[in-house]
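Architecture at a glance
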Amino acid sequence: GAGVSQSPSNKVTEKGKDVELRCDPISGHTALYWYRQSLGQGLEFLIYFQGNSAPDKSGLPSDRFSAERTGGSVSTLTIQRTQQEDSAVYLCASSLVTGGEQYFGPGTRLTVT
Amino acid sequence: KNEVEQSPQNLTAQEGEFITINCSYSVGISALHWLQQHPGGGIVSLFMLSSGKKKHGRLIATINIQEKHSSLHITASHPRDSAVYICAALNAGKSTFGDGTTLTVKP
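Below is a short write-up of the structure. (Residues numbered from 1 in each chain as written. Chains lettered and ligands numbered in written order. Predicted model: local features only at pLDDT ≥ 70, side-chain atom pairs only at ≥ 80, totals over all residues. Heavy atoms only, no water.)

**So, the state of the cysteines**
All names here are of chain A. The condition that has to hold: Two cysteine sulfur atoms make up a disulfide if the distance between them is within 2.5 Å. Elements are defined by DSSP. Helices are runs of H or I of four residues or more, strands are runs of E of two residues or more, and each kind is numbered from the N terminus. Any residue under 20% of the maximum accessible area for its type is buried, any over 50% is exposed, and the rest in between are partly exposed; the area is computed with a 1.4 Å probe on protein chains only.
The final tally for this structure, using the stated rule, is 2 disulfides over all chains. The side chain of Cys23 participates in a disulfide bridge whose partner is Cys92; the two sulfur atoms lie 1.8 Å from each other. What sets the handedness of the Cys23 and Cys92 disulfide is the S-S torsion sign, and at about -60 degrees it is left-handed. With Cys23 in strand β3 (residues 19–24) and Cys92 in strand β8 (residues 88–95), this residue pair connects regions lying 69 residues apart in the sequence. Taking relative accessible area as the criterion, Cys92 reaches 0% and is therefore assigned buried.

Written out as structure tokens, the structure is:
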């Protein structure tokens, strides 16, 4: 595709439910990143994938958060038992190689009620 | 103290003015990333640099590795430059972000 795409663009869920957020990176990009931007807050690193290497999960805020990347392409960020503090915009980015220029998707706005 | 500090937090300028946004970091980096985020809009990468200086149009980014400091300059600022500018210290694939500088350029 022309750019990084994310779905859904908006998600409203009830507290305690599980949600899955999807990211389609730019074709051929080996590195994929997930970030979170809470309302009025700065960007926060969550996790990144590089090729077939083990992901760097050091930014995940709790064990309710997990992510996978299948076939080195599409990635899914899963939040289990959502809490109100999980409400934020979740952004995905990809780069040709780790440390290269990152291209950001439009984000998924998650609202937990 | 944040690992990545930006200044100023807010900046208002008149069209045509020269703008400087500063970023200081205390972590080890492989590169320094400057990003732009328009209100309600997505995030765009402006520069990624590990040494020296880069220029793109009216935007210039510099970095001093010894002093752990980077600056973003905008020459001949325009109202369309109004946005939040964010610097990020990149270490391999992990980014540590500054809180952003909100720039408003008035016509």
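**So, the sheet that holds strand β7 (residues 75–79) of chain A**
Residues and elements named next belong to chain A. What counts here: Strand pairing is assigned whenever DSSP detects at least two bridges linking the two strands. A fitted line through C-alpha atoms serves as each axis, taken over the contacting stretch for helices, and the angle formed by two N-to-C directions is quoted from 0 to 180°.
If you walk across this open sheet you meet the 4 strands as β1-β3-β7-β6, and the pairing is antiparallel. Each edge of the sheet is formed by a strand with only one pairing partner; in this case those strands are β1 (5–7) and β6 (65–69). Here the average twist between neighbouring strands, direction ignored, is 15 degrees. Bridge analysis of β1 against β3 gives 3 bridges, and the strand direction is antiparallel. In the sheet register, Ser7 faces β3, and the bridge partner there is Arg22.

**Looking at the pattern of salt bridges**
All names here are of chain A. How we decide: Here a salt bridge means any side-chain nitrogen of Lys or Arg lying within 4 Å of a carboxyl oxygen belonging to Asp or Glu.
Counted under the stated rule, the structure contains 4 salt bridges over all chains. With a closest N to O distance of 2.8 Å, Arg22 and Asp24 form a salt bridge. Given a relative accessible area of 21%, Asp24 falls into the partly exposed group.

**Observations regarding unusual backbone geometry**
With an omega of -10 degrees, the peptide bond between A:Ser7 and A:Pro8 qualifies as cis. Mapped onto the secondary structure, A:Pro8 falls in the loop between β1 and β2 (10–13). The linkage connecting B:Ser7 with the following residue, B:Pro8, adopts the cis geometry, with an omega of -10 degrees. By the secondary structure assignment, B:Pro8 is in the loop between β1 (4–7) and β2 (10–14). Backbone geometry places B:Lys68, a non-glycine residue, at a positive phi of 55 degrees.

**Let's talk about the sheet that holds strand β3 (residues 19–25) of chain B**
All names here are of chain B. Here we have 5 strands laid out as an open sheet, ordered β1-β3-β8-β7-β6, and antiparallel in their pairing. Lying at the two open borders of the sheet, with one neighbouring strand each, are β1 and β6 (52–56). Strand-to-strand twist in this sheet, taken as the mean axis angle between neighbours without regard to direction, amounts to 15 degrees. Taken together, the 5 bridges between β6 and strand β7 (residues 59–64) define a ladder with antiparallel strand orientation.

**Considering the environment of A:Asp24**
Residue and element names in this part refer to chain A. So the rule is basically this: What makes two residues a contact is simply this: any of their non-hydrogen atoms within 4.5 Å. Here a polar contact is recorded for every N or O atom pair within 3.5 Å, except that within protein the pair must consist of a potential hydrogen donor and a potential acceptor, and residues adjacent in sequence are included only if both atoms are side-chain atoms.
Examined against the element boundaries, Asp24 turns out to sit in strand β3. Residues Asp24 and Thr113, spaced 89 residues apart in sequence, show a C-alpha to C-alpha distance of 27 Å. Excluding residues that lie within four positions of it along the chain, Asp24 makes contacts with Gly3, Val4, Ser5 and Val74. Within the structure, Asp24 has its side chain in polar contact with the side chain of Arg22 (distance 2.8 Å).

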